[in-house]
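One letter stands for each residue in the lines below.
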Amino acid sequence: MTLTVTTWSLEQTSPSDLRPAAPPPGDVRIVRAEVPSPEFSRFLYTAVGGDVRWTDRLPYTYGQWREYLDRPGVETWVAYEKGTPAGFLELAAQDGGTVEIVYFGLIPAFRGRRIGGHLLSYGTARAWDLAERHPGLKPTGRVWLHTCTKDGQHAMANYQRRGFTLFDTKTSEEEETATPGPWPGALA
């Protein structure tokens, strides 16, 4: 069976485009995972994306995760609530001063608590100053991301509230895959 998927690409072309969300109440911190860890990155990826059909990285080997995370300009920013990982945002530098927000999301138990807008705001600001942490990278001139009909129902609105504007829309047919949860069979 196939699934019709619409993918929207959004961008900011100036740091002044960012409209930050207010921090949520309580003990919420955002910390960069400075030591590349395939185990931790895979945990975040499956915990956040397991119920919304993030499957493209499930077949990655340990070596593929390590190779990806060791690339210059790849950063993982993690939101914690009371010391517990709540979600993450992954940045990847691209040619010409472009930075992609490759992945962004919250673990299901932490959604709807105003953490997402704060994490997206903070992570987008880190995309704009990425070159300051990675000598040799061109200063950021554009930050972009994509979202699709498989993502959470509030994703597009959050991106637009943070100042991202639509620049492309594509529709495709994909083979429907089971939603695996954070590990195979978790949502069965």
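Residues numbered from 1 in each chain as written. Predicted model: local features only at pLDDT ≥ 70, side-chain atom pairs only at ≥ 80, totals over all residues. Heavy atoms only, no water.

A. Local environment of the pattern of salt bridges. Counted by the stated rule, this structure contains twelve salt bridges. Across the salt bridge formed by R32 and E75, the nearest N and O atoms sit 3.7 Å from each other. Here E75 lies in strand β3 (residues 74-81) and R32 lies in strand β2 (residues 28-32), a separation of 43 residues in the sequence. E75 sits in the buried class, given a relative accessible area of 2%. Here K170 makes a salt bridge to D168, at a shortest N to O gap of 3.7 Å. D168 sits in the partly exposed class, given a relative accessible area of 28%. Because the salt bridges share partners, they merge into one network encompassing R32, E75, R126, D129 and R133. (Salt bridge = Lys/Arg side-chain N within 4 Å of Asp/Glu carboxyl O. Helix = DSSP H or I, 4+ residues; strand = E, 2+ residues; numbered from the N terminus. Buried < 20%, exposed > 50% of the residue type's maximum accessible area, 1.4 Å probe, protein only.)

B. Inspection of the side chain of E100 at higher detail. By the element assignment, E100 lies in strand β5 (residues 98-106). For the buried E100, no salt bridge exists, and the shortest N-O distance to an oppositely charged side chain is 7.5 Å, to R71. Polar side-chain contacts of E100 include one of 2.8 Å to the side chain of Q94. When residues no more than four places from it in sequence are discounted, the contact partners of E100 are E90, L91, A92, Q94, W144 and H146. (Lys, Arg positive; Asp, Glu negative; His and termini not counted. Polar contact = N/O pair within 3.5 Å; in protein donor to acceptor, adjacent residues only side chain to side chain. Contact = heavy atoms within 4.5 Å.)

C. Just the packing of aromatic side chains, in detail. As enumerated under the stated definition, the model contains eleven aromatic pairs in all. Centre to centre, the rings of Y45 and W65 are 6.0 Å apart; their planes meet at 70°, and the pair counts as edge-to-face. Here Y45 is found in helix α1 (residues 38-49), whereas its partner W65 is found in helix α2 (residues 62-69), with 20 residues between them in sequence. Both rings, one in W54 and one in Y103, keep their centres 4.8 Å apart while their planes meet at 55°; by these two values the pair is tilted. Within this pair, whereas W54 is found in the loop between α1 and α2, its partner Y103 is found in strand β5, the two being separated by 49 residues in sequence. For W54, a relative accessible area of 10% gives the class buried. Pairwise contacts between aromatic rings join Y45, W54, Y60, W65, F88 and Y103 into one cluster. Above the face of the Y68 ring, R57 is positioned so that its terminal group lies 4.4 Å from the ring centre. For R126, the ring lying beneath its charged end belongs to Y122, and the centroid distance is 4.7 Å. (Phe/Tyr/Trp six-rings, centres within 6.5 Å; stacked < 30°, edge-to-face > 60°. Lys NZ or Arg CZ within 6 Å of the ring centre and 35° of its normal.)

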